[in-house]
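Here is what each chain is made of, one letter per residue.
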Amino acid sequence: MCRFKKSGEVTVFLSLLCLVICGLIAATVKSARISYLKNSIENITDISLKSAMSEYNKPLFDKYGLLYVDTTYKGVLDGGDESFINHLSQYMDANLKGYSSGNEQLYYISSEVESSEYANSNDYESVFSQIISYMTNVKGMSASLSDKEIVKEYLYLMFPDELDYINAEELEDEVNDMTYDELRDYCIHLIRKNMRENSYEEFDFNNLLSDISVTVYTKTSTGKIYECTKSYSLN
């Protein structure tokens, strides 16, 4: 009669193999879930930031072709980075509401500004960059012209009957005699003056946002904190 030795090597081997496979599957699932969660946070942050930056100052754009977000929101807030962050938080809360990944719920914690650029930054550099782009791309002026010539034509186009002068001809004579720096200062003065008279009593270039980079912090219901940095530019 033949007897078999029951050592159990195969059973032990298969048990260990199952443990390794199950561990690998669990790690893969966890990695995929975390990756999905991070992608969702990035998408929600991106959508929220674009929504906040889409609230541009429409009268300024319609009248003068300048694209900026008024961070006072028509005088409701004080303006600046803090006001924009407060506004952004409303979009983050709304977009995160009801979102869940598996058993985890996402919650908005806070945001901080990494960098920002306003209309008055760097001696109104972005304003005149937009003016030159507007005149060449929208109005068809030659890009080979000097910045001075382009800004001068912009003044003729936007302010032909400025009240400081009797008629457009005198305005033209006055503008022709200005240096480029004087043209820039005069252009800012006229835009500010007309915007305050016609649309915004508290209009201020200091509060007009064109570029921003923010870091947003969110957490899950299990207490895990994620951070996401996004940038957006209107220029």
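Cut-offs applied
- Residues numbered from 1 in each chain as written.
- Predicted model: local features only at pLDDT ≥ 70, side-chain atom pairs only at ≥ 80, totals over all residues.
- Heavy atoms only, no water.
- Pairing = 2+ DSSP bridges.
- Helix = DSSP H or I, 4+ residues; strand = E, 2+ residues; numbered from the N terminus.
- Buried < 20%, exposed > 50% of the residue type's maximum accessible area, 1.4 Å probe, protein only.
- Contact = heavy atoms within 4.5 Å.
- Phe/Tyr/Trp six-rings, centres within 6.5 Å; stacked < 30°, edge-to-face > 60°.
- Axes fitted to C-alpha atoms, helices over the stretch in contact; angles between N-to-C directions.
- Parallel < 35°, antiparallel > 145°, perpendicular 65-115°, else oblique.
- Nonpolar A, V, L, I, M, F, W, Y, C, P; charged D, E, K, R; others polar.
- Core = buried A, V, L, I, M, F, W, Y, C linked by side-chain atoms within 4.5 Å.
- Salt bridge = Lys/Arg side-chain N within 4 Å of Asp/Glu carboxyl O.

K.L.:
Can you break down the pairing of strand β5 (residues 225-233) residue by residue, with the values?
P.N.:
Sheet analysis places strand β4 (residues 208-220) next to β5, joined by nine bridges and oriented antiparallel. Opposite Lys-219, over in β5, you have Ile-225 as the bridge partner. The turn linking β4 back onto β5 is made up of four residues, and Gly-223 within it adopts a positive phi angle of 95 degrees.

K.L.:
Before we move on, can you summarise the side chain of Thr-45 with the specific residues and values?
P.N.:
Examined against the element boundaries, Thr-45 turns out to sit in helix α1 (residues 9-53). Taking relative accessible area as the criterion, Thr-45 reaches 1% and is therefore assigned buried. In contact with Thr-45, other than residues within four places in its own chain, are Met-92, Val-216, Cys-228 and Lys-230.

K.L.:
Give a description of unusual backbone geometry that names residues and reports values.
P.N.:
In the Ramachandran plot, Tyr-73 falls in the positive-phi region, its phi being about 50 degrees despite a non-glycine side chain. In this fold, Tyr-73 is placed in the loop between β1 (69-70) and α3 (81-96). One non-glycine residue, Asn-122, lies in positive phi territory at about 55 degrees.

K.L.:
Quick rundown of the packing of aromatic side chains? Include the residues and the values.
P.N.:
Per the stated rule, a full pass over the model turns up five aromatic pairs. Judged by centre distance (5.5 Å) and plane angle (85 degrees), the rings of Tyr-124 and Phe-205 are edge-to-face. Taken together, the residues span a long stretch of sequence, with Tyr-124 in the loop between β3 (104-118) and α4 (125-138) and Phe-205 in the loop between α7 (180-198) and β4 at a distance of 81 residues. Given a relative accessible area of 17%, Tyr-124 falls into the buried group.

K.L.:
Outline the environment of Phe-203, supporting the account with residue identities and numerical values.
P.N.:
Examined against the element boundaries, Phe-203 turns out to sit in the loop between α7 and β4. Along the backbone, Phe-203 and Ile-191 are 12 residues apart, and their C-alpha atoms lie at a distance of 9.7 Å. Apart from the residues within four sequence positions on either side, Phe-203 is in contact with Asn-57, Leu-60, Ile-191, Arg-192, Met-195, Arg-196 and Leu-208.

K.L.:
Kindly report on the packing of α4 against helix α5 (residues 147-158), identifying the contributing residues and their values.
P.N.:
The geometry of α4 relative to α5 is characterised by a closest axis approach of 10 Å and an angle of 75 degrees between their N-to-C directions. If you check the angle between α4 and α5, you find them roughly perpendicular. Between α4, through Phe-128, Ile-131, Ile-132, Tyr-134, Met-135 and Thr-136, and α5, the contact on the second element is made entirely by Asp-147, Ile-150, Val-151, Glu-153, Tyr-154, Leu-157 and Met-158. Class assignment of the residues belonging to the contact of α4 with α5 gives a composition of 10 nonpolar, one polar and two charged.

K.L.:
Provide a residue-level description of the nonpolar core, including the pertinent values.
P.N.:
Leu-60, Tyr-64, Leu-66, Val-127, Tyr-154, Ile-191 and Phe-205 are the most contacted members of the largest nonpolar core, which totals 30 residues. Only α2 (58-64), α4, α5 and α7 provide two or more residues apiece to this core. The dominant element in this core, judged by the number of residues it contributes, is α7, at seven residues. Beyond its immediate sequence surroundings of up to four residues, Val-127 is in contact with Leu-66, Tyr-68, Ala-119, Ile-188 and Phe-205. In terms of nonpolar packing, the next biggest core, distinct from the first, is built from 24 residues, Met-53, Tyr-73, Phe-84 and Val-216 among them.

K.L.:
Hey, could you go over the pattern of salt bridges for me, with residue numbers and the actual values?
P.N.:
With the rule as written, the count across this model stands at six salt bridges. Residue Lys-193 pairs with Glu-197 through a salt bridge whose shortest N-O separation is 3.3 Å. Here Glu-197 and Lys-193 lie together in helix α7, a separation of four residues that amounts to about one turn.

Keep in mind that these numbers describe shape and distance, not what the molecule does.
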